[in-house]
Amino acid sequence: MIIIQKFGGTSVGSKQRIKFLKNIIKKYKNLKIKTVIILSAISGETNKIVTLAKYFSYKKLKELDCLLCVGEQVSVSLFSIFLNSIKINSKPLTSIQIGLITNSDYSNARINSIKNFFLIKKILLKNKIPILAGFQGITKSGNFTTLGRGGSDTTAIAITAYLEGKECQIYTDVESIFFSDPRICKNYKLEFISFENMLELSSLGSKVLYVRSIEIARKYNVNIRVLSTFLKNRGTLISKKKIFSSSMERVFISGITHTNNEVRITVKNTLNTAGISSKIIGPIVLNNISVDMVIQNSIFTSKFTDFTFLVEKKFYKKAIFLIKKYIISKLGGIIEYEKEISKVSVVGIGLKTHNEIINKILFCMSKTKVNIILISTSETKISVLIKDIYIIKAIKELYYMFNKNIIFRRNGRVA
Ligand SMILES: Nc1ncnc2c1ncn2[C@@H]1O[C@H](COP(=O)(O)OP(=O)(O)O)[C@@H](O)[C@H]1O
Ligand SMILES: N[C@@H](CC(=O)OP(=O)(O)O)C(=O)O
């Protein structure tokens, strides 16, 4: 049996923390379970490197990736030196050695294959612990790439899929996945969450797991366990396991999450020609900018229309430039945008068919006198866009509302 263990930046954040990891390593060694370790860079290091590169005005993401890979190389080498010093045989490995081939979408590269994964098996056969650098890859032609911020989770899950590991353990600074961001309110630990609901939670803001890693886990059916490096507990299992409640058709709410890294853009009074939405959104997505909460609002007696959507803050200037170039200059209209916004989402199953959920969300917003800017609904999530300043109030109110109704008990078990 092989277990893959990923330690995030917070777990290797200091000399003391690195030393602390030996307890986990020894526990599995004593149980005669083979482990493969994936490490992130020491917390804060990747940010420091980015700041340095910005200082020297880097121009190409290719140059930046070559530099960013250093962070993980430091942590795997240091950790291996430490383990060897306490007589635990280990070997540090980079993406070049394991042949983790990606496409050449620098800074957000996608994994194509792990050509030399047999090397990891060979090291395991020699009773050594392979310690792999997360986050980094190489292109076919040998250039360094990175998998996007938080990408070590992706490395860990891809490696688990290749090695057919029993589970991928993601060690972090919280005990488990919580019903809502533990920094905002003290709340429930989840014992289990499905891939689908975890995907929604992560893509709607819960930083704890990187979205792309869950996509791979779902595709290759890799069980993930999120748990604390520093406390003994079972954490949260993320898998496709079915769970049953006492009432089979009862609505299932798995969490509340939020983001504040988006900008709302509205194109007002532009000519409502056939295919206007594709004309607005097309150039934006072709420039690799993702959009969310896309809403077109037209009055059928008018020849003009309003169009609203969200983009990530780092892309909003580019999006506005594209709209001016392709829409405003040709079809008229004006652009409005708003940066001080947050999106809060309730994630679960059956949210659209259980009308009471949207009603409760709207009630919470009106109770706290929070004005809603936009709402979007689906079977697995209901998101509301509100002003930044109301976010904590809104999350707390929603948490207290669903706290009474969710089907998790205090220990996280299904009622
Ligand atoms: N629903 C949630 N459950 C658990 N943690 C969450 C949740 N939402 C946000 N977080 C945050 O995610 C953080 C862990 O992710 P991250 O900082 O990427 O860890 P690491 O450095 O170990 O990779 C936690 O400290 C926690 O504050
Ligand atoms: N070091 C990278 C990759 C990573 O996954 O980090 P962490 O596991 O600390 O989120 C980053 O900071 O983005």
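Residues numbered from 1 in each chain as written. Chains lettered and ligands numbered in written order. Predicted model: local features only at pLDDT ≥ 70, side-chain atom pairs only at ≥ 80, totals over all residues. Heavy atoms only, no water.

A separate point is the overall build of the protein chain. Each helix and strand in the protein chain was counted, giving 13 helices and 20 strands. Based on the C-alpha atoms only, the size of the protein chain along its principal axes is roughly 75 × 55 × 35 Å. Pairs at least 24 apart in sequence give 73% of the contacts found in the protein chain among residues at least 6 apart. Counting every atom, the protein chain has about 20700 Å² of accessible surface; 54% of that belongs to carbon and sulfur. For the protein chain, the centre of its 65 positive side-chain charges and the centre of its 27 negative side-chain charges are spaced 7 Å apart. (Helix = DSSP H or I, 4+ residues; strand = E, 2+ residues; numbered from the N terminus. Contact = heavy atoms within 4.5 Å. Areas by Shrake-Rupley, 256 points an atom, 1.4 Å probe, with all protein chains shown as cover. Lys, Arg positive; Asp, Glu negative; His and termini not counted. Charge placed at Lys NZ, Arg CZ, Asp CG, Glu CD.)

Turning to the confidence of the model for the protein chain, a few remarks are in order. Chain-level pLDDT for the protein chain is 90 on average; 94% of the residues reach the 70-or-more range. In the predicted structure, residues 405–415 sits below a pLDDT of 50 and forms 31 contacts with residues beyond four places in sequence or in another chain. (pLDDT = per-residue confidence, 0-100.)

So, on to the site of ligand 1. Taken together, 18 residues lie near ligand 1, and Thr 10, Thr 172, Asp 173, Phe 178 and Lys 207 sit nearest. Taking Thr 10, its side chain carries an N or O atom lying 2.9 Å from an oxygen atom of ligand 1. For ligand 1, a nitrogen atom lies 2.9 Å from a polar atom in the backbone of Phe 178. Relative to its unbound accessible area of 580 Å², ligand 1 is 89% covered by the protein chains. (Near = heavy atom within 4 Å. Polar contact = N/O pair within 3.5 Å; in protein donor to acceptor, adjacent residues only side chain to side chain.)

In this section: the UniProt feature "binding site: ATP" (unreviewed entry) in the protein chain. Taken from the UniProt record, the annotation "binding site: ATP" (unreviewed entry) applies to Lys 6, Phe 7, Gly 8, Gly 9, Thr 172, Asp 173, Arg 183, Lys 207 and Val 208. One can find Arg 183 in the loop between β9 (167–172) and β10 (192–194). Given a relative accessible area of 68%, Arg 183 falls into the exposed group. At 2.7 Å, the side chain of Arg 183 and the side chain of Asp 181 are in polar contact. For Val 208, the position within the fold is in the loop between α8 (195–203) and α9 (211–220). For Val 208, a relative accessible area of 25% gives the class partly exposed. With near-sequence residues (within four places) excluded, Val 208 lies in contact with Asp 153, Thr 172, Val 174, Ile 177, Met 198 and Val 226. (UniProt positions renumbered as here; feature names shortened; annotations may be inferred. Buried < 20%, exposed > 50% of the residue type's maximum accessible area, 1.4 Å probe, protein only.)

Every residue near ligand 2 is listed here: Lys 6, Gly 8, Gly 9, Ser 40, Ala 41, Thr 46, Glu 72, Phe 135, Arg 149, Gly 150, Gly 151 and Ser 152. Ser 40 is positioned with one of its side-chain polar atoms (N or O) 2.7 Å from an oxygen atom of ligand 2. Within the contact set of ligand 2, an oxygen atom lies 2.7 Å away from a side-chain nitrogen or oxygen of Arg 149. Protein chains shield 82% of the accessible area of ligand 2, which is 340 Å² for the free molecule. Of the residues belonging to the shell around ligand 2, the class tally is 2 nonpolar, 7 polar and 3 charged. (Nonpolar A, V, L, I, M, F, W, Y, C, P; charged D, E, K, R; others polar.)

Now for the packing of aromatic side chains. Considering all chains together, one arrives at 9 aromatic pairs under this definition. Centroid distance Phe 20 to Phe 230: 5.4 Å. Interplanar angle 50 degrees. Geometry classified as tilted. Pair noted here: Phe 20 is in helix α1 (residues 15–20) and Phe 230 is in the loop between β11 (224–228) and β12 (236–239), with a separation of 210 residues, a long-range link. By relative accessible area, which is 31% here, Phe 20 ends up partly exposed. Classification of Phe 230 by relative accessible area gives partly exposed; the value is 28%. (Phe/Tyr/Trp six-rings, centres within 6.5 Å; stacked < 30°, edge-to-face > 60°.)

Here the focus is the sheet that holds strand β13 (residues 252–259). Taken in spatial order, the 4 strands of this open sheet run β13-β18-β20-β19, and their pairing is antiparallel. Both outer strands of the open sheet, β13 and β19 (374–377), are each paired with one neighbouring strand and no more. Going from strand to strand, the sheet's axes swing by 15 degrees on average, the running direction of each strand aside. Pairing analysis gives 4 bridges linking β19 to strand β20 (residues 381–387), with the strands arranged antiparallel. For Leu 374, the partnering residue across the bridge sits in β20 and is Leu 385. α8 contacts β13, β18 (341–349) and β20 of the sheet and is inclined by roughly 20 degrees relative to β13. (Pairing = 2+ DSSP bridges. Axes fitted to C-alpha atoms, helices over the stretch in contact; angles between N-to-C directions.)

All right, on to unusual backbone geometry then. Of note, Lys 87 is a non-glycine position whose phi angle comes to about 65 degrees, a positive value. Tracing the backbone shows Lys 87 in the loop between α4 (61–85) and β3 (90–93). Phi is positive for Asn 269, close to 55 degrees, though the residue is something other than glycine. For Asn 269, the position within the fold is in strand β14 (residues 262–271).

With that out of the way, let us pick up the side chain of Thr 155. Tracing the backbone through its elements, the reader meets Thr 155 in helix α7 (residues 152–163). Thr 155 gets classed as buried once you look at its relative accessible area, which sits at 0%. In this structure Thr 155 touches Ile 38, Leu 100, Ala 133, Gly 134, Phe 135 and Leu 147, once residues within four positions along its chain are discounted.

Moving on, we come to a positive patch on the surface. On the surface, a cluster of positive charge is contributed by Lys 91, Lys 122, Lys 126 and Lys 128. Along the chain, Lys 122 falls in helix α6 (residues 117–125). (Patch = residues over 30% accessible without salt bridge, like charges linked within 9 Å, V, L, I, M, F, W, Y side chains within 5 Å. Salt bridge = Lys/Arg side-chain N within 4 Å of Asp/Glu carboxyl O.)

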